[in-house]
Amino acid sequence: MNQNLSLYRIFYATALAGNISKAADELFISQPAISQSIKKLEQSLDTALFVRNSRGVQLTEEGELFFAHVKSAFQTLEAGEHQLRLRRELGVGHLRIGVSSTLCKYVLLPYLTDFVKLHPHVQVTIACQSTNHTLQMLEREDLDLGLTGRPDHLHGMEFCPVRRIQDVFVASREYLEHMLFFLGQNAKERLPDLSASDSALLLKSGILMLLDKENLTRQYLDQYFKERQLFPENILEATSMDLLIDFAKIGLGIACVIREFVETDLKEEALLELPAPFPIASREIGFVFSSKQGNLELIEELMNQKRE
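Residues numbered from 1 in each chain as written. Predicted model: local features only at pLDDT ≥ 70, side-chain atom pairs only at ≥ 80, totals over all residues. Heavy atoms only, no water.

Quick look at the overall build of the chain
Stated precisely, the cut-off is as follows: Counting from the N terminus, the helices are the DSSP runs of H or I reaching at least four residues and the strands are the DSSP runs of E reaching at least two. Only C-alpha atoms enter the radius of gyration; for comparison, a globular chain is expected to reach 2.2 Å times N to the power 0.38, where N is the number of residues. Note on definitions: a residue-residue contact is assigned when non-hydrogen atoms from the two residues lie within 4.5 Å. In this description, accessible areas are obtained by the Shrake-Rupley approach with a 1.4 Å probe, and a residue is regarded as covered only by the protein chains that are shown.
The number of helices and strands found in the chain is 13 helices and 12 strands. In terms of overall dimensions, the chain is more spread out than a globule: its C-alpha atoms have a radius of gyration of 31 Å, far above the 19 Å expected for 308 residues. Taking the principal axes of the C-alpha coordinates as reference, the chain spans close to 100 × 35 × 35 Å. Sequence separation of 24 or more characterises 71% of the internal contacts of the chain that already satisfy a separation of 6 or more. A total of about 17,500 Å² of accessible surface is found on the chain, and carbon and sulfur atoms cover 51% of it.

Below, the structure written as structure tokens:
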């Protein structure tokens, strides 16, 4: 096949031109060289590719079939050359990012807003998924960048911290009043100054709403409950933190969410924060990437955008 590549190029040009003379002019070689190359290719394939007519040459039925594949191959090569040229001249590239839907909305979006304005020709692909899935894809080099909590093991990758986050328990006033009444407590006396022991009782007796077990946040909280010997009896799982926040607002239960993402709701008292039965350590989130992969310059550009 390697020996035939130049022959394929001559065949392709001749088929497009429909004339040996025109093909010779385009390729800057002689007409006899064109004819000889086509004859050699036909011999190697044991197939007639062209027939002569009054205007020049015309593809045979077998030639049409072969041309479709050769055309596809050369168009792919031309597209590759075009992308390389754009990347060199305009800074065009492709950045693949993995992030949870919550971090995408509350953290990544400000970075992307400025990055896209500065690099309108860069193709950006966002995979909204669990942190575990993002880390697996980064290891397989199926992603260029991830925005996650700090992993326990980086496996040779880099971690660039962005901010610290705090997990908290929140619920609507109506839900807490209902639960306190159910537990024989006076809501007016208890709210809004619940104690840690009140929270422990509410978490055990009420509906606790958490992310699913594929999520790193859920795994972190499961470890917290295990270490503190807290065993919630009724758990409702959701795939995104936005759902947990919405469920808490309409009074479905107590949600464990990130305080920084519900500050407005807490300020407006659409949600009330319960004191943690035991302190929950804050966590760090940031960008995860390999310093050895080819899009490092684009990654650094994105990470250096202004933060909100």
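Considerations on the sheet that holds strand S6 (residues 158-165)
As a reminder, the rule being used: Whether two strands pair comes down to DSSP finding at least two bridges between them. Only the contacting stretch of a helix is used when fitting its axis, a line to C-alpha atoms as for every element, and angles between N-to-C directions run 0 to 180 degrees.
In space, the 5 strands of this open sheet follow the order S4-S3-S5-S12-S6, with mixed pairing throughout. With partners counted over all chains shown, the strands left at the sheet margins are strand S4 (123-128) and S6, one partner each. Adjacent strand axes in the sheet meet at a mean angle of 20 degrees, parallel and antiparallel pairs treated alike. Inspection of the sheet shows strand S5 (residues 145-149) paired to strand S12 (residues 283-289) by 4 bridges, in the antiparallel sense. In the sheet register, Gly146 faces S12, and the bridge partner there is Val288. Sitting on the sheet, helix H13 (residues 296-303) touches strand S3 (94-99), S5, S6 and S12, and the angle it makes with S3 is about 55 degrees.

Comments concerning the packing of aromatic side chains
Under the convention used in this document: Two rings from Phe, Tyr or Trp (for Trp, the six-membered ring) form a pair when their centres are within 6.5 Å of each other. A pair whose planes differ by under 30 degrees is stacked, one over 60 is edge-to-face, and the rest are tilted. The buried label goes to any residue with under 20% of its type's maximum accessible area, the exposed label to any with over 50%, and the partly exposed label to all in between, with areas taken from a 1.4 Å probe on protein chains only. By the criterion adopted, a ring carries a charge over it if an Arg CZ or a Lys NZ lies within 6 Å of its centre and within 35 degrees of its normal.
The final tally for this structure, using the stated rule, is 10 aromatic pairs. Relative to Phe66, the ring of Tyr8 lies with its centre 5.6 Å away and its plane at 65 degrees, an arrangement referred to as edge-to-face. In this pair, Tyr8 is assigned in helix H1 (residues 5-17) and Phe66 in helix H4 (residues 61-90), connecting sequence segments 58 residues apart. Note on accessibility: Tyr8 and Phe66 belong to one class, buried. Taken together, Tyr8, Phe11, Tyr12, Phe50, Phe66, Phe67 and Phe74 form an aromatic cluster joined through their ring pairs. The ring of Phe74 has Arg9 sitting right over it, with the charged end atom 5.5 Å from the ring centre. Over the aromatic face of Tyr220 sits the side chain of Arg283, whose NZ or CZ is 5.1 Å from the ring centroid.

Some remarks on the sheet that holds strand S10 (residues 254-258)
Within the open sheet, the 5 strands sit side by side as S9-S8-S10-S7-S11. Their pairing is mixed. For this open sheet the edge positions go to strand S9 (234-238) and strand S11 (272-274), each flanked by a neighbour on one side alone. In this sheet, adjacent strand axes meet at a mean angle of 40 degrees when their direction is disregarded. The pairing of strand S7 (residues 167-171) with S11 spans 3 bridges and is antiparallel. The residue bridging Val170 from the neighbouring strand is Glu273, located in S11.

Thoughts on helix H9 (residues 196-205)
Definition in use: An arc is given here, and it is the one of the directions from the helix axis to the C-beta atoms.
Among the residues of H9, those classed as buried are Asp198, Ser199, Leu202 and Leu203. Down the axis of H9, the buried side of the element spans an arc of 130 degrees, and every buried residue falls inside it.

Looking at the pattern of salt bridges
As a reminder, the rule being used: Here, a salt bridge means any Lys or Arg side-chain nitrogen found within 4 Å of an Asp or Glu carboxyl oxygen.
In the structure shown here, the tally under the stated rule is 11 salt bridges. For the salt bridge of Glu237 with Arg218, the shortest nitrogen-to-oxygen distance reads 2.9 Å. Here Glu237, found in strand S9, pairs with Arg218, found in helix H10 (residues 216-227); they are 19 residues apart in sequence, far enough to count as distant. Overall, the relative accessible area of 42% leaves Glu237 in the partly exposed class. For Arg218, a relative accessible area of 3% corresponds to the buried category. One salt bridge connects Glu273 with Arg259, and the closest N-O pair in it is separated by 2.7 Å. Here Glu273 is found in strand S11, whereas its partner Arg259 is found in the loop between S10 and helix H12 (263-267), with 14 residues between them in sequence. Among the charged side chains, a network of salt bridges with common partners joins Lys213, Arg218, Asp222 and Glu237.

Considering unusual backbone geometry
Phi angles above zero are rare outside glycine, and Glu141 is one such case at about 65 degrees. Tracing the backbone through its elements, the reader meets Glu141 in the loop between helix H6 (131-139) and S5. Its identity as a non-glycine residue notwithstanding, Glu269 has a phi of 60 degrees, on the positive side. Its place among the elements puts Glu269 in the loop between H12 and S11. The partly exposed category is assigned to Glu269, whose relative accessible area is 48%.

Read these as geometric descriptors, not functional statements.
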